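# Structural characterization, general
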Amino acid sequence: NYLDTAYPYHGGRSEVVVGKALQGGYRRRVKLATKLPAWLVKRPDDFERFLEEQLRRLGTGSIDYYLLHSLGASSWPRLRDLGILERAERALADGRIGGLGFSFHDELPLFKSILDAYPWHLCQIQYNFMDVAYQAGREGLRYAASRGVPVVVMEPLRGGQLAQPLPAAVAEVWTDSSLRTTPVDRALQWLWDQPEVGTVLSGMSSLEQVRQNLASAEASRPGRLTEAERAVYVRAKGAYEGLRPIPCTQCRYCAPCPHGVDVPRNFQLYNEAVVYGHLAGTRRTYRQFFAAEKRADRCARCGECEPKCPQRIPIRDWLAKVDPLLSTPGA
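The structure contained in this document is the topic of the report that follows. (Residues numbered from 1 in each chain as written. Predicted model: local features only at pLDDT ≥ 70, side-chain atom pairs only at ≥ 80, totals over all residues. Heavy atoms only, no water.)

What follows is about the overall build of the protein chain. Across its full length, the protein chain carries 14 helices and 7 strands. Across its three principal axes, the protein chain shows a C-alpha extent of roughly 60 × 50 × 40 Å. Going through the 331 residues of the protein chain one by one, you find that 48% of them count as buried. Of all intrachain contacts in the protein chain linking residues separated by at least 6 positions in sequence, the fraction that spans at least 24 positions is 74%. (Helix = DSSP H or I, 4+ residues; strand = E, 2+ residues; numbered from the N terminus. Buried < 20%, exposed > 50% of the residue type's maximum accessible area, 1.4 Å probe, protein only. Contact = heavy atoms within 4.5 Å.)

Our focus in this paragraph is the sheet that holds strand β7 (residues 197-200). Strand order in the open sheet made by the 7 strands is β1-β2-β3-β4-β5-β6-β7, with parallel pairing throughout. Each having just a single partner strand, β1 (2-4) and β7 make up the two edges of the open sheet. Ignoring which end each strand starts from, the neighbouring axes of this sheet average 30 degrees apart. Where helix α5 (residues 84-93) meets the sheet, it contacts β2 (31-36), β3 (65-71) and β4 (100-104), and its direction lies at approximately 135 degrees from that of β4. (Pairing = 2+ DSSP bridges. Axes fitted to C-alpha atoms, helices over the stretch in contact; angles between N-to-C directions.)

What characterises a pair of aromatic rings is the spacing of the ring centres plus the angle enclosed by the ring planes. For the coordinates displayed, the defined rule picks out 17 aromatic pairs. Measuring from centroid to centroid gives 5.7 Å for Tyr-270 and Trp-318, while their planes differ by 65 degrees, and the two rings are edge-to-face. With Tyr-270 in helix α12 (residues 263-276) and Trp-318 in helix α14 (residues 315-326), the pair connects residues that are 48 residues apart, well separated along the chain. The exposure classification of Tyr-270 matches that of Trp-318, with both residues buried. The ring of Tyr-7 carries Arg-57 above its face, with NZ or CZ at 4.1 Å from the centroid. Stacked on the ring of Tyr-286, the Lys or Arg Arg-295 has its end atom at 5.3 Å from the ring centre. (Phe/Tyr/Trp six-rings, centres within 6.5 Å; stacked < 30°, edge-to-face > 60°. Lys NZ or Arg CZ within 6 Å of the ring centre and 35° of its normal.)

Ranked by size, the top nonpolar core spans 67 residues in total, and within it Leu-36, Leu-68, Leu-100, Phe-102, Phe-111, Trp-120 and Phe-129 carry the most contacts. If near-sequence neighbours (up to four positions away) are discounted, Trp-120 is found in contact with Leu-68, Trp-76, Leu-85, Leu-100, Gly-101, Phe-102, Ile-114, Leu-115 and Val-149. Ranked by size, the runner-up nonpolar core spans 20 residues in total, among them Val-261, Cys-305, Ile-313 and Ile-315. (Core = buried A, V, L, I, M, F, W, Y, C linked by side-chain atoms within 4.5 Å.)

Before going further, it helps to spend a moment on the pairing of strand β6 (residues 151-154). Looking down a regular strand, the side chains alternate between one sheet face and the other. Burial of β6 is two-sided: the residues Val-151 and Val-153 facing one way and the residues Val-152 and Met-154 facing the other way are all buried. In this sheet, β6 lies alongside strand β5 (residues 122-126) in parallel orientation, the contact comprising 4 bridges. Within β6, the position partnered with Gln-126 by the bridge is Met-154. For the crossover that starts at β5, traverses helix α7 (residues 137-146) and ends in the parallel β6, the hand is right-handed. (Right-handed = clockwise from strand over helix to strand, strands pointing away.)

As a further point, take helix α9 (residues 183-192). For α9, the tally of buried residues reaches 8 of 10 residues, placing the bulk of the element in the interior. Buried-residue contacts for α9 involve α7, β6, α8 (168-175), β7, α10 (207-218) and α11 (227-241).

All right, on to the pattern of salt bridges then. All told, the structure shown has 23 salt bridges when counted by the stated rule. Among the ionic pairs, Arg-158 bridges to Glu-272, the shortest N-O distance being 3.1 Å. You can see Arg-158 sitting in the loop between β6 and α8 and its partner Glu-272 sitting in helix α12, a full 114 residues away along the chain. Here Arg-158 matches Glu-272 in class, with each residue buried. We note a salt bridge from Asp-317 to Arg-301, for which the minimum N-O separation is 3.4 Å. Placement of the pair is Asp-317 in helix α14 and Arg-301 in the loop between α13 (279-288) and α14, with a sequence separation of 16 residues. Asp-317 gets classed as partly exposed once you look at its relative accessible area, which sits at 44%. Connected through salt bridges with shared partners, the residues Glu-48, Glu-52, Asp-94 and Arg-96 form a single ionic network. (Salt bridge = Lys/Arg side-chain N within 4 Å of Asp/Glu carboxyl O.)

For the bond running from Ala-255 to Pro-256, omega is -5 degrees, close enough to zero to count as cis. Mapped onto the secondary structure, Pro-256 falls in the loop between α11 and α12. Positive phi, close to 65 degrees, is recorded for Gln-250, a residue that is not glycine. Along the polypeptide, Gln-250 turns up in the loop between α11 and α12.

With that out of the way, let us pick up α7. By the burial criterion, the buried members of α7 are Gly-137, Gly-140, Leu-141 and Ala-144. For α7, the angular spread of the buried residues around the axis is 105 degrees, confining them to a single face. Contacts made by the buried residues of α7 are with α6 (108-117), β5, β6 and β7. After α7 finishes, the residue Gly-148 shows a positive phi value of roughly 75 degrees. (Arc of directions from axis to C-beta.)

Further remarks concern the packing of α8 against α11. To describe two helices that pack against each other, one gives the angle between their axes and the distance between the axes. Where α8 meets α11, the axes come as close as 8 Å, and the angle between the chain directions of the two elements is 170 degrees. Here α8 is positioned roughly antiparallel relative to α11, judged by the angle of their axes. Residue-level contacts link Ala-169, Val-170, Val-173 and Trp-174 of α8 to Val-232, Tyr-233, Arg-235, Ala-236, Ala-239 and Tyr-240 of α11. Class assignment for the residues of the contact of α8 with α11 results in 9 nonpolar, no polar and 1 charged. (Parallel < 35°, antiparallel > 145°, perpendicular 65-115°, else oblique. Nonpolar A, V, L, I, M, F, W, Y, C, P; charged D, E, K, R; others polar.)

Worth remembering: the numbers are spatial, not functional.
What follows is the structure in structure tokens.
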């Protein structure tokens, strides 16, 4: 019954559609969450402006959980120094929001710092069996739990990547185990197994997917998996990682590039496209969420990066393959 939306989703139409869907008594049956677009907040009064607009869009007098959207190294200090937490306190006091939280996209030390700065009602992190050490990761999950802050998990399927048909090497891992359900159910069960996980957000595109996710949650409980079964997930993760064509470890010794190219991120996206076979989703990320000045096509082939690479990757040759694959529209 936790329903998550945000100001920019679907070109700003998501909150409007959700508001219409919650008419006729449904609003009382859900915990409604939406998010303040942190990157658009420039003045203290912007908090009130966005909150009031979102309340109108959603057709409600209150939002159960209001999250500061996508906090990171640039947005968190700005919002903090603008007094946005004090503005939020007023909205908590007058009942327009029931709880204050944040969603997070940055590194673990900052996540802990933000958690320590305020008595949050919840937080939202990216987490799945492939991303145990990514951003907040497992350590952040457990740190939040130690502070009594419930954790909402996003990207349990890595944007649909873990729902794709399995590569042979990965399929073999699952076949040799007792975990012979669907890829989606396995990914969700791994999360529900952990007592620190409050709830799991999984995008659903059909009523059948809704039913499948409900069934998966119904069958789950913390501590359901055995140690042997948890070990299978580690092997599956290793099988996925073994399929990466570019042996980049994300050490970033190649940075900074004199021409602005983010080499590790380009290689990460290329590897994901090849490993998971979810080319449409990776292309969308490359085009919409990766700054054009950091993409592979900005490489001037100067070669400054290559002597710095501990893996001795022919960086220029691989960068020449990234943009032709990922900049192409379509599936």
